[in-house]
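Spelled out from the first residue to the last, the chains are:
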Amino acid sequence: MRIGVLGTGNMADALGGQWARAGHEVFVGGRDAARAAGLAARIGAAGHGSLRDAAEFGDGAVLFALPYGVGEEVVTGLADALRGRVLVDCCNPVGEGFTLLTGRGPAAAERLAAAAPDARVVKAFNLCHEGVWRLTPPVFDGQRLAVPVCGDDTEALDVVRQLVRDLGCEPYDAGGLGRAGLVESTAALLIGLWVGGGVDARAIVPPFGRAGG
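The present account deals with the structure reproduced in this document.

Observations concerning the sheet that holds strand β6 (residues 120-123)
In a beta sheet, neighbouring strands pair by backbone hydrogen bonds and run either parallel or antiparallel.
(1) Moving on: Here eight strands make up an open sheet; going across it, the order is β3-β2-β1-β4-β5-β6-β9-β10 and the pairing mixed. Since the sheet does not close on itself, it has two edges, and those belong to β3 (47-49) and β10 (170-173), each with one partner. Strand-to-strand, the axes of this sheet are offset by a mean angle of 25°, without reference to chain direction.
(2) Moving on: Bridge analysis of strand β2 (residues 25-29) against β3 gives three bridges, and the strand direction is parallel. Looking at the pairing, Val28 lines up with His48 of β3.

This is how it looks when you write it as structure tokens:
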């Protein structure tokens, strides 16, 4: 699969690197040419260039791995290149004090979908620190890490489910894109507990067999 990566930060490095090692053709696109070249060399990417170059390359999927605050502007400018593309949003709109920057408005993923209405947006990969995505595979206590996936396009969801499995993880269907806000809110809660409170957030959830009472 040809995957375009928008961004040169830690998530672009972790996910792009894993997909390149899984045999996908990965193209790194960045706003800084030197950083894009450096990341491409580090992960063994097929190429590097501008954000537009990456969007045009990714006819299999395009990963949005830029900060939340620039998302709508960047995606609006790339809307033509993203037409028909599977656009995977892994960003977290979490700000100071672990607040949700989207407030009561549309989710970050929904905002990207509005900015590029012909792209097929899927929310995934936002619940874990980049270090988790570097594990091969992410397995804890004998259980593969599960990745919630939200989207409205069946074919796009199939693509992202495969990308999840390529990391050694298990995709969990989390509903349509309208539920992306729930996944983003969950990230804000968990990050606040893990980082802000220094506690094991897994303890708030009972074992599956007891979840129904």
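What about the pattern of salt bridges?
(1) Moving on: If you walk through the whole model with that rule in mind, you get 16 salt bridges.
(2) Moving on: Ionic pairing is found between Arg202 and Asp141, a salt bridge with its closest N-O pair at 3.7 Å. Of this pair, Arg202 sits in the segment after α8 (180-197) while Asp141 sits in the loop between β7 (139-140) and β8 (143-144), placing them 61 residues apart in sequence.
(3) Moving on: Judged by its relative accessible area of 54%, Arg202 falls in the exposed class.
(4) Moving on: We classify Asp141 as exposed; its relative accessible area is 74%.
(5) Moving on: A salt bridge links Asp173 to Arg161, with the nearest nitrogen and oxygen atoms 3.0 Å apart. Separated by twelve residues along the polypeptide, Asp173 in strand β10 and Arg161 in helix α7 (residues 154-166) bring together distant segments of the chain.
(6) Moving on: Exposure remark for Asp173: the relative accessible area of 58% places this residue in the exposed category.

Considerations on the packing of aromatic side chains
(1) Moving on: Evaluation of the coordinates by the stated rule reveals three aromatic pairs.
(2) Moving on: Ring centres 5.6 Å apart and planes at 70° place the aromatic pair Trp19 and Phe125 in the edge-to-face group. A residue pair is termed long-range when its members are at least 10 positions apart, and Trp19 in helix α1 (residues 10-21) and Phe125 in the loop between β6 and α6 (130-133) qualify at 106 residues.
(3) Moving on: What makes Trp19 buried here is its relative accessible area of 0%.
(4) Moving on: Counting every residue linked through ring pairs, the aromatic cluster contains Trp19, Phe125 and Trp133.

Side note on α8
Residue pairs three or four apart in sequence face the same way in an α-helix, which turns once every 3.6 residues.
(1) Moving on: The end-to-end C-alpha distance of α8, which contains 18 residues, comes to 24 Å, matching closely the 26 Å that a straight helix rising 1.5 Å per residue would cover.
(2) Moving on: Within α8 the residues assigned to the buried category are Ala180, Val183, Glu184, Ala187, Ala188, Leu190 and Gly192.
(3) Moving on: Tucked inside the fold, the buried residues of α8 contact β5 (86-89), α5 (108-115), β6 and β9 (146-151).
(4) Moving on: Looking one or two residues beyond α8, the residue adopting positive phi is Gly198, at roughly 65°.

Some words on the packing of α1 against helix α2 (residues 33-43)
(1) Moving on: Taken N-terminus to C-terminus, the directions of α1 and α2 make an angle of 40°; their axes are 9 Å apart at the nearest point. Taken together, α1 and α2 sit at an angle that is classed as oblique. For the element pair α1 and α2, the recorded crossing hand is right-handed. Residues Ala12, Asp13, Gly16, Gly17 and Ala20 of α1 lie in contact with α2, whose contacting residues are Leu39, Arg42 and Ile43.

Let's talk about the layout of surface pockets
(1) Moving on: Of the volumes computed, that of the largest pocket is approximately 1,400 Å³.
(2) Moving on: Leu145, Ala146, Leu190, Trp194 and Arg202 are the residues nearest the centre of the largest pocket, which is lined by 32 residues in total.
(3) Moving on: Looking at the lining of the largest pocket, the elements that each hand over two or more residues are β8, β9 and α8.
(4) Moving on: The wall of the second largest pocket is formed by 24 residues, among which Asn10, Met11, Ala65, Leu66 and Pro67 lie closest to the centre.
(5) Moving on: Partitioning the lining of the second largest pocket into residue classes produces eleven nonpolar, nine polar and four charged.

Thoughts on empty space enclosed by the protein
(1) Moving on: What the rule picks out here adds up to two cavities of 30 Å³ or more.
(2) Moving on: Considering the residues around the largest cavity, the lining is formed by Ala124, Phe125, Asn126, Leu127, Cys128, Trp133, Leu145, Ala146, Val147, Pro148 and Val183.
(3) Moving on: Per-element tally for the lining of the largest cavity: the top contributor is β9, with three residues.
(4) Moving on: Here the residues of the lining of the largest cavity sort into ten nonpolar, one polar and no charged.
(5) Moving on: A volume near 30 Å³ is recorded for the second largest cavity.
(6) Moving on: Around the second largest cavity sit Phe64, Tyr68, Gly71, Glu72, Cys91, Ala108, Arg111 and Leu112, which together line it.
(7) Moving on: Counting only elements with at least two residues in the lining of the second largest cavity, the list comes to α4 (71-77) and α5.
(8) Moving on: The element best represented in the lining of the second largest cavity is α5, accounting for three residues.
(9) Moving on: Taken together, the residues of the lining of the second largest cavity sort by class into five nonpolar, one polar and two charged.

Conventions used here
- Residues numbered from 1 in each chain as written.
- Predicted model: local features only at pLDDT ≥ 70, side-chain atom pairs only at ≥ 80, totals over all residues.
- Heavy atoms only, no water.
- Pairing = 2+ DSSP bridges.
- Helix = DSSP H or I, 4+ residues; strand = E, 2+ residues; numbered from the N terminus.
- Axes fitted to C-alpha atoms, helices over the stretch in contact; angles between N-to-C directions.
- Salt bridge = Lys/Arg side-chain N within 4 Å of Asp/Glu carboxyl O.
- Buried < 20%, exposed > 50% of the residue type's maximum accessible area, 1.4 Å probe, protein only.
- Phe/Tyr/Trp six-rings, centres within 6.5 Å; stacked < 30°, edge-to-face > 60°.
- Expected span 1.5 Å × (residues − 1).
- Contact = heavy atoms within 4.5 Å.
- Parallel < 35°, antiparallel > 145°, perpendicular 65-115°, else oblique.
- Left-handed = near helix turned anticlockwise from the far one by under 90°.
- 1 Å grid on protein atoms, 1.4 Å probe; cavity = no way out; pocket = protein on both sides within 12 Å on 5 of 7 lines; lining within 4 Å.
- Points joined across faces, edges and corners; volume = space filled by probe spheres on them.
- Nonpolar A, V, L, I, M, F, W, Y, C, P; charged D, E, K, R; others polar.

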